[in-house]
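# Structure at a glance
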There are 2 protein chains.
Amino acid sequence: MTKWYEDKVLDSNVVLSSRVRLARNIKGFPFAKRLTADQAKSIVDEVKNAVINDRTPIGSSFQYINMQDLDRNTKLAMLENHIISPELVQKQTPCGVLVNDDNSINILVNEEDHIRIQAMCPGYNIEKAWEDADRIDSLIGESVKYAFDDEFGFLTACVTNTGTGLRASFMLHLPMLESNGRISELVNSVSKFGMTIRGIYGEGSKPLGAIYQISNQVTLGKSEKEIMELLKNITSQIIDKENSLREMAIKNQRIELEDTVYRALGTLKYCVKISSAEAMELLSKVRLGIISGIINTNCCKSNVFNIMMNVQGGNLQSRIGHSANEGERDIERAKYLKEMFV
Amino acid sequence: MTKWYEDKVLDSNVVLSSRVRLARNIKGFPFAKRLTADQAKSIVDEVKNAVINDRTPIGSSFQYINMQDLDRNTKLAMLENHIISPELVQKQTPCGVLVNDDNSINILVNEEDHIRIQAMCPGYNIEKAWEDADRIDSLIGESVKYAFDDEFGFLTACVTNTGTGLRASFMLHLPMLESNGRISELVNSVSKFGMTIRGIYGEGSKPLGAIYQISNQVTLGKSEKEIMELLKNITSQIIDKENSLREMAIKNQRIELEDTVYRALGTLKYCVKISSAEAMELLSKVRLGIISGIINTNCCKSNVFNIMMNVQGGNLQSRIGHSANEGERDIERAKYLKEMFV
């Protein structure tokens, strides 16, 4: 299965990827938490029928994955690839996800809301993500009646999503802001604009590999366009800050920076076992080195963000095939890294 | 100038080198501390004339280096190569050292004693070092009258050397005993046999790169042969302990050991700057890896002990040529290591 983030182009300076999520619910059903098994089943069928069809090219690119059919490791891998959410993994009632060929668009069914459309795109390209999500939204809207209120907009299980139901986000690589201890300052300042910054796996997750996600908190009282413009403006400022710290380091601490990134590369190439957290930390440094022009791009066979995704437990587990313990995964991870860095 | 420790053969498991030192004084002069400049000059001349001659091959292989003629960096390099002692560097009265072609034999003049003959040899070969030192002792004895007492033996400035004036020692690489926290136990147990264990640069020096020197403390009441036999016996036991810990690690913790030594190799190859202490620590691990058969010997262009000597400040300084600060030396050290590890 190809993944959207394997794209070699995905080496923009700071923004790793762009993402749009739309929360929708179907009129006449209780919210997902209160659904009976039968009702949940009806919703799954309605959404499947709305999306998967032979009339449109987009409709034929989707397949439905029933959560209850998947083993633990596959679920974990999908979680790490940002296809599904932690909530969906634990659900007992009928639920699942519709994914397209390259995993760039997926539609969660019966997660917190009946429908969550997510579109992801490499690099700084929220417009493309928005277009994809909007197209799916219209497609589903053709055959399904959404729960919509003229005053409040789209109704959602959690009020924080009510209104546009939109969450637009960028995945950012901020190694210099992080190493300069500037993240908490950033978190505070973006919150004043109704924005939030979190670790790579969303709410409550620890930052890994200096990867942070910035997204809008406020969904109500602003149009989709306004939300995305504000997100872009604030993100631009963060990009500028990160880039200027990188430039300063290259100018004033070149040797220290070279030493840091090359040592990281050396360890990634020579380690015999390595934890996921350490691998992420070192990959973050190597990515900084490549983007700063210190390390040659050809040092690795893929874009570093892709490697970052692949060193996670679940993705690695899929590579091993059989169920492996932590020690075995640490060894397999080192082998994989040796293959990637030439 | 070739150095005796550059010999490729010097990769014995545990013993890096063997060394014999004989302390001698000339009859009719006060001990070195109380010498007038004229007396000191006379001693220098007597020893030079005794050693440097065209009659014997050994005599023609020596040259005399006057301490006062050397700059600070050359002195430091000679110190690190174990040719001269810290005491000699600071002396104001005429003093110097006679060294042979490959630096394996040197004769300190007017250090703590009038004459100190030192002979060094790669690996476990105290007999060869003894033969060399003994030959020089006889050579000097032919034309110089030693201060000798029938009851006490050779008289020396410090009573701890009186008797044979012999200090025999082995330089040992003990990475596993060190990482298992067994050094202090070792120090205690060898002291019961009149032996002492110290860091690489002798008395009071911190251990670097898991290199330790074992030598006899007692010089009186035992013959030269007895002293060397005892040293060999005790060293054999240390070698066995170190080797059995290495074998256990290879058997029971192979992956951990591989990971440790390969990470060290990766850092040595990829670092852009590195301190002397860190380089020594990593080189120690790589040496363990090579000797354990984990890393291929061809990974480096020289024996690791030679590299260990060359990453020290003074030796590195000679490589740079001009006077460099610590930061420059750390960068030059990394460059040198990159050349050594292929």
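Residues numbered from 1 in each chain as written. Chains lettered and ligands numbered in written order. Predicted model: local features only at pLDDT ≥ 70, side-chain atom pairs only at ≥ 80, totals over all residues. Heavy atoms only, no water.

## Quick word on the sheet that holds strand S1 (residues 15-24) of chain A
Sheets are built from strands that pair by backbone hydrogen bonding, the pairs being arranged parallel or antiparallel. All names here are of chain A. Defined as follows: Strand pairing is defined by DSSP finding a minimum of two bridges between the two strands. Per the convention used, a helix needs a DSSP run of H or I reaching at least four residues, while a strand needs a run of E reaching at least two, with both numbered from the N terminus. Axis lines are fitted through C-alpha atoms, for helices just across the contact stretch, and the angle between N-to-C directions can take any value from 0 to 180 degrees. The contact criterion used throughout is that any non-hydrogen atoms of two residues lie within 4.5 Å.
Taken together, eight strands build an open sheet; the order of strands is S2-S3-S4-S5-S1-S8-S10-S9 and the sheet is antiparallel. On the outer flanks of this sheet lie strand S2 (63-66) and strand S9 (195-199), each paired with one strand and no other. Within this sheet the neighbouring strands show an average axis-to-axis angle of 20°, counted without direction. Pairing analysis gives four bridges linking S2 to strand S3 (residues 96-99), with the strands arranged antiparallel. Counted as the bridge partner of Ile65 is Val97 from S3. Across the sheet, helix H5 (residues 126-143) touches S1, strand S4 (105-109), strand S5 (115-122) and strand S8 (166-173), and the angle it forms with S1 is around 20°.

## Notes on the sheet that holds strand S4 (residues 105-109) of chain B
Residue and element names in this part refer to chain B. Reading across the sheet, the eight strands line up as S2-S3-S4-S5-S1-S8-S10-S9 and stay open at both edges, with antiparallel pairing between neighbours. The two strands at the open ends of the sheet, each matched to only one other strand, are strand S2 (63-66) and strand S9 (195-199). The mean angle between the axes of side-by-side strands here comes to 20°, regardless of whether they run parallel or antiparallel. Relative to strand S8 (residues 166-173), strand S1 (residues 15-24) runs antiparallel, the two being bridged by seven bridges. Bridging across to S8, Val15 finds its partner in Leu172. Strands in contact with helix H5 (residues 126-143) are S1, S4, strand S5 (115-122) and S8; relative to S1, the strand with the most contacts, it is inclined by about 20°.

## Description of the packing of H5 of chain B against helix H8 (residues 224-252) of chain B
Residue and element names in this part refer to chain B. The following threshold applies: Note that the term roughly parallel is reserved for angles under 35 degrees, roughly antiparallel for angles over 145, roughly perpendicular for angles of 65 to 115, and oblique for everything else. Here a crossing is taken to be left-handed if its near helix is turned anticlockwise relative to the far helix by less than a right angle, and right-handed if that turn runs clockwise. Each residue gets one of three labels, nonpolar for Ala, Val, Leu, Ile, Met, Phe, Trp, Tyr, Cys and Pro, charged for Asp, Glu, Lys and Arg, and polar for the others, Gly among them.
At their nearest, the axes of H5 and H8 sit 11 Å apart, and the two run at 155° to each other. Between H5 and H8, the crossing angle belongs to the class labelled roughly antiparallel. Crossing angle aside, the handedness with which H5 passes H8 is right-handed. On H8, the residues touching Ile126, Glu127 and Trp130 of H5 are Glu224, Met228, Leu231 and Lys232. Considering only residue class, the contact of H5 with H8 consists of four nonpolar, no polar and three charged.

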